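Geometric and topological summary
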Amino acid sequence: MELTDSVAVAQARAGDSGAFRILVERHSRNLFRLAYRMTGHQEDAEDVVQETFLRAYRQLAKFDERASFGTWLYRIAANCSLDLIRVRKRRSEHQEPTPEEGAPDPIRLLPDAAPTPDRLALSGEVERKVADVLNSLSEMERTAFVLRHYEGMCIDDIGRTLGVQPNAAKHSIFRAVQKLRRALEPLVTAS
Amino acid sequence: MRHLSEEQLVLYYYGEGDGSPAVRAHLDSCEECRTEYAGLQRVLNVVDSAPVPERGADYGAQVWNRLQPSLGGRRRWTFSILWPARHWAAAAVATTLIVAAFLAGRYYPKAEPPKTANAGQVRERILLVAVGDHLERSQMVLVELVNAHPDQALDFTSERERAGDLVAANRLYRQTAAHTGDKRVASVLDDLEPVLLEIAHAPDRLTPEDLEKLRQRIEGDGILFKVRVAGTSVRSREQKALPSAGQKTL
């Protein structure tokens with residue numbers, strides 16, 4: 001019979017590393033998906049998954065058994081992702097862009113031959129635009145939006161994950177959607 | 001007729017809120033809101049087009065294999081992520097060389113003049129690299145605290161552990177700077193030490209009030225600015241201390 005999260009957590013707390021292994025194997029893929037949506041980089045997402053489980057292991061004694069283990073892991077992963085994003089931002093602020101980075105994307109200079117939605121998606125322009133907008137969101141907006149839109153988490157759980165009131169989480173999602181609409185609507189409408 | 005707000009449409013799209021039947025009924029009867037909602041749907045559906053690389057069914061096992069060796073020890077993954085491995089390697093080499101240089105200077109003070117001059121240059125550069133890295137790491141901890149969200153409790157474990165590591169190093173570098181007569185760096189490290197100590201002894205979770213106090217302390221002392229300026233200055237001197245450059249103090 002498959003162990004539930006709460007039983008596995010209790011056994012892991014008692015020092016059973018096999019039980020913690022079950023939790024790692026069960027939640028890794030979901031955490032990777034969240035971390036990738038948050039960071040936009042595979043390598044960073046891998047690091048976030050590792051770090052999340054390590055932090056969880058070290059803080060297992062502090063976990064409230066009445067809460068959902070998955071939500072708790074998501075909160076840690078979201079914080080780890082934000083740590084990484086902050087560090088990356090700081091590093092990029094201290095680095096001058098290379099001529100290659102500063103130059104306009106040659107693909108964007110090509111004439112626009114009446115793109116269809118399929119072509120836009122294929123060309124990656126929409127993906128780039130989405131990534132640009134997500135990068136421009138505040139930490140709270142980005143996290144709340146990723147958790148709601150991609151992970152399907154309800155607003156109350158997002159509030160718990162981020163340690164804020166549901167209303168604050170809700171407004172962060174609204175602001176994120178507004179920014180996405182402003183940036184993407186012309187693109188979508190034109191197609 | 002009163003139209004639906006954007007908030008109502010977003011909530012409806014995500015199936016949140018308890019007014020869905022009313023929103024549905026309004027959409028059925030209002031062309032303008034229907035158009036607005038269709039626009040929202042188009043945008044949010046497009047957002048879904050960004051793919052996520054797939055991970056295989058054995059991904060969890062791979063994660064476990066990488067994780068398992070670290071569970072028994074006290075390795076600090078947070079730090080290893082925030083501070084790349086090459087920096088760790090550089091710091092380890094620098095620390096080893098500092099100790100070696102210190103011992104060499106202490107026990108072999110009467111070495112031949114040409115060799116002493118060369119060793120002095122090397123030692124100076126190593127110290128500058130080490131102090132520059134130390135200031136950079138300290139700055140990262142301070143910036144993370146200053147930029148933390150003010151309205152929510154903060155899990156402080158990682159910052160606290162990093163500050164604990166930095167306190168011991170700070171003491172060593174401060175004494176070295178004072179010994180070599182570099183008053184400016186010694187003064188900044190002297191100001192930094194109590195702040196690092198305070199962070200190292202803070203509780204695991206900071207309430208918004210604790211965080212605000214700490215933030216005021218950091219900002220009130222201007223310590224972040226001092227650390228940033230000292231770090232830039234040290235990095236600049238580090239470049240000038242390359243083999244062709246003349247000798248300077250730490």
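Heads up: these notes are all about the structure in this document. All figures in this text were calculated on a predicted structure; none of them were measured in a lab.

Attention now goes to the packing of helix H2 (residues 17-39) of chain A against helix H4 (residues 59-71) of chain B. With their axes 8 Å apart at the nearest point, H2 of chain A and H4 of chain B run at an angle of 125 degrees to one another. With respect to their mutual orientation, H2 of chain A and H4 of chain B come out oblique. Judged by the twist between their axes, the crossing of H2 of chain A over H4 of chain B is right-handed. Contact with H2 of chain A, carried on its side by Ser17, Arg21, Val24, Glu25, Arg26, Ser28, Arg29 and Phe32 of chain A, involves Tyr59, Gly60, Ala61, Val63, Trp64, Leu67 and Leu71 of chain B of H4 of chain B and no other residues of that element. Considered class by class, the residues forming the contact of H2 of chain A with H4 of chain B number eight nonpolar, three polar and four charged.

With that settled, consider the interface of chain A and chain B. Contacts between the two partners involve 46 residues from chain A and, on the opposite side, 38 residues from chain B. Contributions of two or more residues to the side of chain A that touches chain B are made by H2, helix H3 (42-58), helix H4 (69-93), helix H8 (125-136), helix H9 (139-150), helix H10 (155-162) and helix H11 (166-190) of chain A. In terms of residue count, H2 of chain A provides more of the side of chain A that touches chain B than any other element does, eleven residues in total. The residue inventory of the side of chain A that touches chain B, partitioned by class, reads 24 nonpolar, seven polar and 15 charged.

For the rest of this paragraph, the subject is the nonpolar core. Within the largest apolar cluster, 62 residues are counted, with the highest numbers of intra-cluster contacts made by Leu23, Ala35, Val49, Leu73, Ala77 and Ala144 of chain A. Ranked by the residues each element gives to this core, the list is headed by H4 of chain A, at eleven residues. Grouped together as the second largest cluster of nonpolar side chains are 32 residues, Leu142, Leu196, Leu206 and Leu211 of chain B included.

Let us now look at helix H1 (residues 6-13) of chain B. Each turn of an α-helix holds 3.6 residues, which means side chains three or four residues apart point in the same direction. Listing the buried residues of H1 of chain B in full gives Leu9, Val10, Leu11 and Tyr12 of chain B. Gly15 of chain B lies just past H1 of chain B and shows a positive phi near 70 degrees.

Now for the packing of helix H9 (residues 183-200) of chain B against helix H11 (residues 223-240) of chain B. All names here are of chain B. Look at H9 against H11: their axes get within 10 Å of each other, and the N-to-C directions meet at 140 degrees. The angle between H9 and H11 falls in the class oblique. Crossing of H9 against H11: the hand is left-handed. The residues of H11 that touch H9, namely those facing Val185, Val188, Asp191, Leu192 and Val195, are Ile223, Lys226, Val227, Ala230 and Val234. Within the contact of H9 with H11, the residues separate by chemical class into eight nonpolar, no polar and two charged.

Quick notes on the rules
Residues numbered from 1 in each chain as written. Chains lettered and ligands numbered in written order. Predicted model: local features only at pLDDT ≥ 70, side-chain atom pairs only at ≥ 80, totals over all residues. Axes fitted to C-alpha atoms, helices over the stretch in contact; angles between N-to-C directions. Helix = DSSP H or I, 4+ residues; strand = E, 2+ residues; numbered from the N terminus. Parallel < 35°, antiparallel > 145°, perpendicular 65-115°, else oblique. Left-handed = near helix turned anticlockwise from the far one by under 90°. Contact = placed C-beta atoms within 7 Å. Nonpolar A, V, L, I, M, F, W, Y, C, P; charged D, E, K, R; others polar. Core = buried A, V, L, I, M, F, W, Y, C linked by C-beta atoms within 7 Å. Buried ≥ 20, exposed ≤ 12 C-beta atoms within 10 Å, placed from the backbone.

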